[in-house]
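Each chain, letter by letter, is given below.
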Amino acid sequence: MLAKSLASFATTLFDGVALGMILFLISVGLSITMGVMRVVNLAHCGFAMIGGYLCFMLTAWLDLPFLLAVPLAVAATMVIGALLERTVYSWVYGQSELGQVLMTIGLTFVMIAAANAVFGSSIQSIPVPAALRGMVQLGPLSLPVYRLFLVAVSAACGLLIWFALERTEAGAKLRAAVDNTRMAGCIGIDVKAMFAVTFAIGCGFAALGGALGSEIFPLEPFYALQYLVLVLIVVSVGGLGSIKGTLVAALVLGIIDTLGRYYLTSGGGIVLYLATLAVLLIRPQGLLGRPA
């Protein structure tokens, strides 16, 4: 009985890790745009929704293989993000925080209306290849193959982002452009191009989370608003601009939310918000954020 209970707990814990890693993929782009580029982008989850719907179109409508459809959906979302960055967001940059909130939440409503018009109000599912279905036995644990795949891909993306920001010349230029935009321009850094590329990459990671995580976060027109609060919590708890903080926050909150809903079925949803309140009362700048 004890062994069975421990196996059940470990399986639930792994489900929390899988949820946390998808949250990380979606949230990390918002953490970069809010913490590094200083832009309040409440339409960020809309790009995750776009990536998910594009992947659904490519797999269900055009019958493309899943592993080909995902990168194509991510690339297309990055193009859309880059176009919006050069048009809508280039105007948003110069607005106050309130102006940024109003403009980006308005864009979110436009995305919701477009998704509802094209795909309807029903929930859509992305076909997963047979190789990623089923269960794998690890000792006493039976774990879904697809969720193991999600964790592996998300972890690889986290390492890639950290390396790009902390160990490359492009990352150093981005940090310089954020810290002192005028000086960065004086030494030859194309700040506008740097921000445009960064924004597009953030949209791409959100799209990847939307495409891979449709099993956890189902695709439907109100996706862009339904998961926005959860993503904002991850970014706030982790600390704006902190990749490590976003990863830690996503994992911790994903595990807390999953365990809370599993063991406290009547009021498990509130556990996440209580944990968020406790962290932000102790560290207003987030777990790994820098003090203002």
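Residues numbered from 1 in each chain as written. Predicted model: local features only at pLDDT ≥ 70, side-chain atom pairs only at ≥ 80, totals over all residues. Heavy atoms only, no water.

**Student:** What is the right way to look at the nonpolar core in this model?
**Tutor:** The nonpolar side chains of a soluble globular protein tend to be buried with one another. Ranked by size, the top nonpolar core spans 85 residues in total, and within it Phe 47, Leu 212 and Phe 217 carry the most contacts. Considering each element in turn, this core owes the most residues, 14 residues, to helix H1 (residues 2-35). What Leu 212 contacts, discounting residues up to four positions off in sequence, is Ile 22, Leu 25, Phe 66, Val 70, Tyr 146, Phe 149, Leu 150 and Val 153. (Core = buried A, V, L, I, M, F, W, Y, C linked by side-chain atoms within 4.5 Å. Buried < 20%, exposed > 50% of the residue type's maximum accessible area, 1.4 Å probe, protein only. Helix = DSSP H or I, 4+ residues; strand = E, 2+ residues; numbered from the N terminus. Contact = heavy atoms within 4.5 Å.)

**Student:** Even after reading the chapter, I still don't get the side chain of Asp 257, so can you show me in this structure?
**Tutor:** Structurally, Asp 257 is set in helix H11 (residues 243-263). Taking relative accessible area as the criterion, Asp 257 reaches 9% and is therefore assigned buried. Those residues in contact with Asp 257 that lie beyond four places of it in its chain are Leu 19 and Leu 272.

**Student:** Can you help me understand helix H3 (residues 66-92) in this one?
**Tutor:** The sharpest bend along H3 reaches about 50 degrees and sits at Glu 85. Looking only at H3, the buried set comprises Phe 66, Ala 69, Val 70, Ala 73, Val 74, Thr 77, Gly 81, Leu 84, Glu 85, Tyr 89 and Val 92. Each element contacted by the buried residues of H3 is listed here: helix H2 (44-61), helix H4 (97-119), helix H5 (145-167) and helix H8 (191-212). (Bend = angle between axes of the 7 residues up to and from the residue.)

**Student:** Sorry if this is basic, but what is going on with the layout of surface pockets here?
**Tutor:** It is a probe the size of a water molecule, rolled over the atoms, that shows where empty space is left. Empty space within the second largest pocket amounts to approximately 270 Å³. Forming the boundary of the second largest pocket are 14 residues, of which Ala 164, Leu 165, Leu 174, Thr 198 and Ile 201 lie nearest the centre. Looking at the lining of the second largest pocket, the elements with two or more residues in it are H5, helix H6 (169-179) and H8. When residues of the lining of the second largest pocket are assigned to their parent elements, the largest contribution, five residues, is made by H8. (1 Å grid on protein atoms, 1.4 Å probe; cavity = no way out; pocket = protein on both sides within 12 Å on 5 of 7 lines; lining within 4 Å. Points joined across faces, edges and corners; volume = space filled by probe spheres on them.)

**Student:** Can you help me understand the packing of helix H10 (residues 228-238) against helix H12 (residues 269-282) in this one?
**Tutor:** The relative placement of two packed helices is expressed as an angle between their axes plus a distance between the axes. Across the interface, H10 lies against H12 with an axial gap of 10 Å and an inter-helix angle of 30 degrees. Judged by the inter-axis angle, H10 sits roughly parallel to H12. Note that H10 runs across H12; the crossing there is left-handed. In contact with Val 229, Leu 230, Ile 233, Ser 236 and Val 237 of H10, H12 contributes Leu 272, Tyr 273, Thr 276, Val 279 and Leu 280. Of the residues in the contact of H10 with H12, the class split is eight nonpolar, two polar and no charged. (Axes fitted to C-alpha atoms, helices over the stretch in contact; angles between N-to-C directions. Parallel < 35°, antiparallel > 145°, perpendicular 65-115°, else oblique. Left-handed = near helix turned anticlockwise from the far one by under 90°. Nonpolar A, V, L, I, M, F, W, Y, C, P; charged D, E, K, R; others polar.)

**Student:** Even after reading the chapter, I still don't get the side chain of Thr 108, so can you show me in this structure?
**Tutor:** Within the element layout of this structure, Thr 108 appears in helix H4. The exposure class assigned to Thr 108 is buried, which follows from its relative accessible area of 0%. Within the structure, Thr 108 has its side chain in polar contact with the backbone oxygen of Thr 104 (distance 3.0 Å). Once you skip the residues sitting within four places of it in the chain, Thr 108 turns out to touch Leu 42, Ala 43, Ala 224 and Leu 225. (Polar contact = N/O pair within 3.5 Å; in protein donor to acceptor, adjacent residues only side chain to side chain.)

**Student:** Help me understand the packing of H11 against H12, please; the structure alone is not making it clear to me.
**Tutor:** Direction vectors running N to C along H11 and H12 enclose 145 degrees, while the axes themselves pass 7 Å from each other. Here H11 and H12 pass one another in a crossing that is right-handed. Packed against H11, whose contacting residues are Leu 253, Ile 256, Asp 257, Gly 260 and Arg 261, the element H12 presents Gly 269, Val 271, Leu 272, Ala 275 and Thr 276 at the interface. Classifying every residue of the contact of H11 with H12 by side-chain character gives five nonpolar, three polar and two charged.

**Student:** Sorry if this is basic, but what is going on with H8 here?
**Tutor:** Because an α-helix completes one turn every 3.6 residues, residues spaced three or four positions apart along the sequence face the same direction. Taking 1.5 Å of rise per residue, the 22 residues of H8 would be expected to cover 32 Å, and the 32 Å separating its terminal C-alpha atoms lies within 8% of that figure. Most of H8 is tucked away, with 18 of its 22 residues classed as buried. Two or three places before Ala 193, at the start of H8, stands the capping residue Asp 190, its side-chain oxygen 3.2 Å from that residue's backbone nitrogen. (Expected span 1.5 Å × (residues − 1).)

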